[in-house]
Amino acid sequence: MTSHVQPSVKALQGQLLTLLMGNWIATSISMAAELEIPDALDGAALDSSQIAARIGAETEPVARLMRLLHALEIVDEQDGRYRLTPLGHLMVGDHPHSMKDLAILYGESYFHRAWSELAGGVRTGEQPFVRSHGHSVFEHLTANPQLLPTYSAGISVGSRFIDEMADLYDFSQKRIVDIGGGDGTLLKAALAAENTATGILFEQPENLSAAERKLGEFTSTGRCSLVGGDFFTRVPAGGDVYILCRILHNWDDDESIRILRNCRSSIEDDGRLLIVERVITEPPSVITSGFDLHMFVMTSGRERDLTGYGRLLDRADFAIDRVVELPLEMRLIVARPR
Ligand SMILES: C[S@@+](CC[C@H](N)C(=O)[O-])C[C@H]1O[C@@H](n2cnc3c(N)ncnc32)[C@H](O)[C@@H]1O
């Protein structure tokens, strides 16, 4: 006979308490990144006073923060000295798979303010970011250009998850147009992997400086150009491969269809559109459901299932060719003009 052992109320209370502390935990990790504690510990075993001296802080609060980072397995401790764990190493700035910039971005106060309006947004259907700031997140970034470097650096961590992108698609001899290409991380990976490819990075004019720096080696040799503009108006013509990486999830269906139709009128007949997004599957996962709610909080967009993407593409005269699984619940959706 099988017996289902119910967790005790105390165990459930402990589980719920830990979940309720999620905000404090995430903030502690973000602030440790901002204080550059993992960078200070890279290759070193230091006690709290040494860490405090390296980062220019007070020993006692550093010790309290370190105790939580130890509990979270971001650091190990021996004889009062802390050392990074493999998890903690991912928060060092120059680690090849560093997530430091994402940790800093998620700690930004405009993210927290928007999330604090979630209940109001759920009640009224209004976008929490607009409730809390009076305008959209992209208007907020345009009005506050000092936020752009942290935004672009943090967002680009997400496109670094896709390191096999160049293996997944043959970019040889292709003119790649990366629409809303951010700081150029993805386009740089494609150009570096395939030296017969050329590229155009299309971005809002005020957000081109990060890509100017990242793609300098390719712009200086003429393999890449940067074009400023608005994808709701037009996108550069004449490309073979158009990329929309984590763009459509920022916009509602009508807005997404406008972007897709602009791609459709610019793409060559035998061209391809590559959409990179998280795709909702059943049963729900924490990562994709969490990002879907984050999209509700921050934008007019959403994460969609594959049927949702098929419907959008159909209305913009594209058809899905194939779908490829990428790390961390991302998908590459390859579409062709109909
Ligand atoms: C979530 S980020 C994705 C960046 C990049 N594709 C990636 O995956 O790392 C969305 C990008 O869209 C750009 N963007 C927003 N509105 C735009 C518009 N109207 N025209 C062109 N780009 C826009 C933003 O500046 C931002 O870089």
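Residues numbered from 1 in each chain as written. Predicted model: local features only at pLDDT ≥ 70, side-chain atom pairs only at ≥ 80, totals over all residues.

### What about the overall build of the protein chain?
So, step 1. When its secondary structure is counted, the protein chain shows 19 helices and nine strands.
So, step 2. Against the compact-globule benchmark of 20 Å for 338 residues, the protein chain has a radius of gyration of 22 Å, which places it among compact chains.
So, step 3. Projected onto its principal axes, the C-alpha positions of the protein chain cover 65 × 55 × 50 Å.
So, step 4. Classification of the 338 residues of the protein chain by burial places 36% in the buried group.
So, step 5. Restricting the contact set of the protein chain to residue pairs at least 6 apart, pairs at least 24 apart contribute 60%. (Helix = DSSP H or I, 4+ residues; strand = E, 2+ residues; numbered from the N terminus. Rg over C-alpha atoms; globule rule 2.2 N^0.38 Å. Buried ≥ 20, exposed ≤ 12 C-beta atoms within 10 Å, placed from the backbone. Contact = placed C-beta atoms within 7 Å.)

### Describing the site of the ligand
So, step 1. For the ligand, the set of nearby residues contains 18 residues, the closest of which are S159, G180, G182, C245 and R246.
So, step 2. By residue number, the principal contributor to the shell around the ligand is helix α12 (residues 148-160), which donates four residues.
So, step 3. Along the lines of polarity and charge, the residues of the shell around the ligand split into six nonpolar, nine polar and three charged. (Near = placed C-beta within 6 Å. Nonpolar A, V, L, I, M, F, W, Y, C, P; charged D, E, K, R; others polar.)

### Some details on helix α2 (residues 22-34)
So, step 1. In this model α2 runs 18 Å from its N-terminal to its C-terminal C-alpha over 13 residues, within 8% of the 18 Å that 1.5 Å per residue would give.
So, step 2. By the burial criterion, the buried members of α2 are I29, S30, A32 and A33. One side of α2 carries all its buried residues, which in axial view fall inside an arc of 160°. Across from the buried face of α2, at angles greater than 90 degrees, the exposed residues are N23 and W24. (Expected span 1.5 Å × (residues − 1). Arc of directions from axis to C-beta.)

### Some thoughts on the environment of F231
So, step 1. Position of F231 relative to the elements: it lies in the loop between β5 (224-228) and β6 (241-245).
So, step 2. Residue class for F231 comes out buried when judged on the 20 C-beta atoms lying within 10 Å of it.
So, step 3. Remark: the alpha-carbon pair of F231 and R160, spanning 71 residues in sequence, is separated by 23 Å.
So, step 4. Among all residues touching F231, those that are not within four sequence positions of it are I179, G180, F202, I259 and N262.

### Some points on the nonpolar core
So, step 1. One finds I179, Y242, I243, L244, L273 and I275 to be the most contacted residues of the largest nonpolar core, which totals 47 residues.
So, step 2. Apart from the residues within four sequence positions on either side, L244 is in contact with I179, L273 and I275. (Core = buried A, V, L, I, M, F, W, Y, C linked by C-beta atoms within 7 Å.)

### Regarding the pairing of strand β3 (residues 175-179)
So, step 1. In terms of burial, β3 is largely enclosed, as four of its five residues are buried.
So, step 2. Relative to strand β4 (residues 198-203), β3 is paired through five bridges, and the arrangement is parallel. Among the inter-strand pairings, D178 is bridged to a residue of β4, identified as L201.
So, step 3. After leaving β3, the chain enters helix α14 (residues 185-193) and then returns to the sheet as β4, a path that is right-handed.
So, step 4. Pairing analysis gives three bridges linking β3 to β6, with the strands arranged parallel. Looking across to β6, one finds that D178 is bridged to I243. (Pairing = 2+ DSSP bridges. Right-handed = clockwise from strand over helix to strand, strands pointing away.)

### Section: the domain arrangement of the protein chain
Note: interface size is frequently given as the accessible area lost on complex formation between the parts.
So, step 1. Each assigned domain of the protein chain is listed with its residue range as follows: domain 1 (9-96), domain 2 (108-143) and domain 3 (151-337).
So, step 2. Averaged C-alpha coordinates put domain 1 and domain 2 at centres separated by 29 Å. (Domains from an automatic or database assignment.)

### Comments concerning unusual backbone geometry
So, step 1. In this structure, P283 follows E282 across a cis peptide bond, with omega equal to -10°.
So, step 2. Even without a glycine there, the phi angle at D79 is positive, about 50°.
So, step 3. By the secondary structure assignment, D79 is in the loop between β1 (75-78) and β2 (81-84).
So, step 4. The backbone of L328 shows a phi angle near 55°, a positive value even though the residue is not glycine.
So, step 5. As for its position among the elements, L328 is in the loop between β8 (318-325) and β9 (330-337).

### Side note on the sheet that holds β9
So, step 1. Ordered by their spatial adjacency, seven strands build an open sheet running β5-β4-β3-β6-β7-β9-β8, and the pairing between neighbours is mixed. The sheet is open, and its two borders are formed by β5 and β8, each paired with just one other strand. Sheet twist, expressed as the mean angle between neighbouring strand axes with direction ignored, is 20°. (Axes fitted to C-alpha atoms, helices over the stretch in contact; angles between N-to-C directions.)

### Let's talk about the packing of helix α17 (residues 253-266) against helix α19 (residues 306-315)
So, step 1. Contact geometry for α17 and α19: axes closest at 9 Å, N-to-C directions at 50°. Here α17 is positioned oblique relative to α19, judged by the angle of their axes. Along this stretch, α17 crosses α19, giving a crossing that reads as right-handed. In this structure, α17 uses D253, S256, I257 and L260 to contact α19, whose residues at the interface are L312, L313 and R315. (Parallel < 35°, antiparallel > 145°, perpendicular 65-115°, else oblique. Left-handed = near helix turned anticlockwise from the far one by under 90°.)

### Structural notes on the packing of helix α4 (residues 48-55) against helix α5 (residues 59-71)
So, step 1. As a packed pair, α4 and α5 sit with axes 8 Å apart at the nearest point and diverge in direction by 115°. When the axes of α4 and α5 are compared, the pair comes out roughly perpendicular. Where α4 crosses over α5, the two elements pack in a sense that is right-handed. Counting all contacts with α4, which are made through S48, S49, I51 and A52, the residues of α5 involved are T59, V62, A63 and M66.
So, step 2. Considering only residue class, the contact of α4 with α5 consists of five nonpolar, three polar and no charged.

### Here we look at α19
So, step 1. Those residues of α19 that fall on the buried side of the exposure criterion are Y309, L312 and L313. Along the axis of α19, the buried residues cluster in a sector spanning 95°; they form a single face.
So, step 2. Among the structural elements, α17, β7 (272-278), β8 and β9 are those in contact with the buried residues of α19.
So, step 3. The positive-phi residue at the C-terminal boundary of α19 is D317, with phi of around 70°.

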